[in-house]
Amino acid sequence: MAGTRRRRRLACAALLVAVLTAGCDTKSQFEPSLPPEAGFRVDGGVLKLWTGTPCAGVIGLTLVFDSGTKQSTQQVWTAPKPGVLLERMDLLASAGGSAPDTAGPLQVQTPLPAGYDWTTAGSLVVYINGPTSYGATADVAQVLRESAQHPSDDYLFGKSGWLDASGVQRENKKSFLTICTPDPNR
């Protein structure tokens, strides 16, 4: 009798483990089906952002340099509700401080630390607040090194490389999602 109960418990435990592991997915439930990307370039010493497609209702934008390291630092912009339409934005001047167009509806709420040189950062992550959106990462050294080699309407879209408007339109929802494009598979 005790052996039968033990076998039943072991069978139930094995079945439970099989059911739980079969239902496990290696992706987060909120992770998009394609990699999210945004475009970056440097022109005239100014770091520029292109979301690839318009982001409506933006009430905040956060840049994080060297995320997850001791050197991690961020700059935060905010806008009053109901938010603004954002597609392109001058972010930072390479000499430090804000870029020329920060007098628009998005205002710097949290500046970079005094004397911080973003051009020495390894990576950059951008997050948009307001609309449903995804964060996107860029290699700062690659943006700095390669921007002058590409036409002014081309931006570095992460692993997808340097794209112009037709390239973004062609690849969005195919090989990546722009940061404000809803995931077609959700």
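Worth saying up front: this structure is predicted, and the values here are computed from it rather than measured. (Residues numbered from 1 in each chain as written. Predicted model: local features only at pLDDT ≥ 70, side-chain atom pairs only at ≥ 80, totals over all residues. Heavy atoms only, no water.)

Q: Quick rundown of the sheet that holds strand β8 (residues 123-129)? Include the residues and the values.
A: Within a sheet, adjacent strands bond to each other through the backbone by hydrogen bonds, running parallel or antiparallel. Strand order in the open sheet formed by five strands is β7-β5-β4-β8-β9, and the pairing between neighbours is antiparallel. If you trace the sheet from one side to the other, it starts and ends with β7 (107-110) and β9 (136-139), each paired once. Strand-to-strand, the axes of this sheet are offset by a mean angle of 25°, without reference to chain direction. Two strands pair when backbone bridges link them, and strand β4 (residues 60-65) and β8 are joined in this way by six bridges, in the antiparallel orientation. Residue pairing in the sheet places Leu61 in a bridge with Ile128 of β8. (Pairing = 2+ DSSP bridges. Helix = DSSP H or I, 4+ residues; strand = E, 2+ residues; numbered from the N terminus. Axes fitted to C-alpha atoms, helices over the stretch in contact; angles between N-to-C directions.)

Q: Now, about the pattern of salt bridges: what can you tell me, with residues and values included?
A: Per the counting criterion, the structure on display carries four salt bridges. Linking Arg145 and Glu146 is a salt bridge whose minimum nitrogen-to-oxygen distance equals 3.7 Å. By relative accessible area, Glu146 is classed as buried at 16%. We note a salt bridge from Glu171 to Arg170, for which the minimum N-O separation is 3.3 Å. (Salt bridge = Lys/Arg side-chain N within 4 Å of Asp/Glu carboxyl O. Buried < 20%, exposed > 50% of the residue type's maximum accessible area, 1.4 Å probe, protein only.)

Q: Give a description of the nonpolar core that names residues and reports values.
A: Soluble, globular proteins show a tendency: their nonpolar side chains are buried together. Phe40, Leu61, Phe65 and Leu91 are the most contacted members of the largest nonpolar core, which has 33 residues in total. Contributing elements (two or more residues each) for this core: β2 (39-43), β3 (46-58), β4, β6 (84-93), β8, β9 and α2 (140-146). It is β6 that contributes the most residues to this core, five residues altogether. Core analysis: the second largest hydrophobic core is formed by six residues, Trp50, Tyr155, Phe157 and Val168 among them. (Core = buried A, V, L, I, M, F, W, Y, C linked by side-chain atoms within 4.5 Å.)

Q: Give a description of the confidence of the model for the protein that names residues and reports values.
A: Low pLDDT means the predicted coordinates in that region are not meant to be read closely. Of all residues in the protein, 78% have pLDDT values of 70 or greater, and the mean over the chain is 84. Per-residue pLDDT stays below 50 along residues 10-26; that stretch engages in zero contacts with residues further than four places along the chain or on separate chains. (pLDDT = per-residue confidence, 0-100. Contact = heavy atoms within 4.5 Å.)

Q: I'd like a rundown of the packing of aromatic side chains, residues and numbers included.
A: In the structure shown here, the tally under the stated rule is five aromatic pairs. For the ring pair Trp50 and Phe157, a centre distance of 5.3 Å and an interplane angle of 80° mean the geometry is edge-to-face. Placement of the pair is Trp50 in strand β3 and Phe157 in the loop between β10 (155-156) and β11 (162-163), with a sequence separation of 107 residues. Taken individually, Trp50 and Phe157 each receive the classification buried, so the pair is uniform in this respect. Plain terms: the ring middles of Phe65 and Tyr116 are 5.9 Å apart, the flat faces sit at 50° to each other, and that makes the pair tilted. Here the residue Phe65 occupies a position in strand β4, and Tyr116 occupies one in the loop between β7 and β8, the gap between them amounting to 51 residues. (Phe/Tyr/Trp six-rings, centres within 6.5 Å; stacked < 30°, edge-to-face > 60°.)

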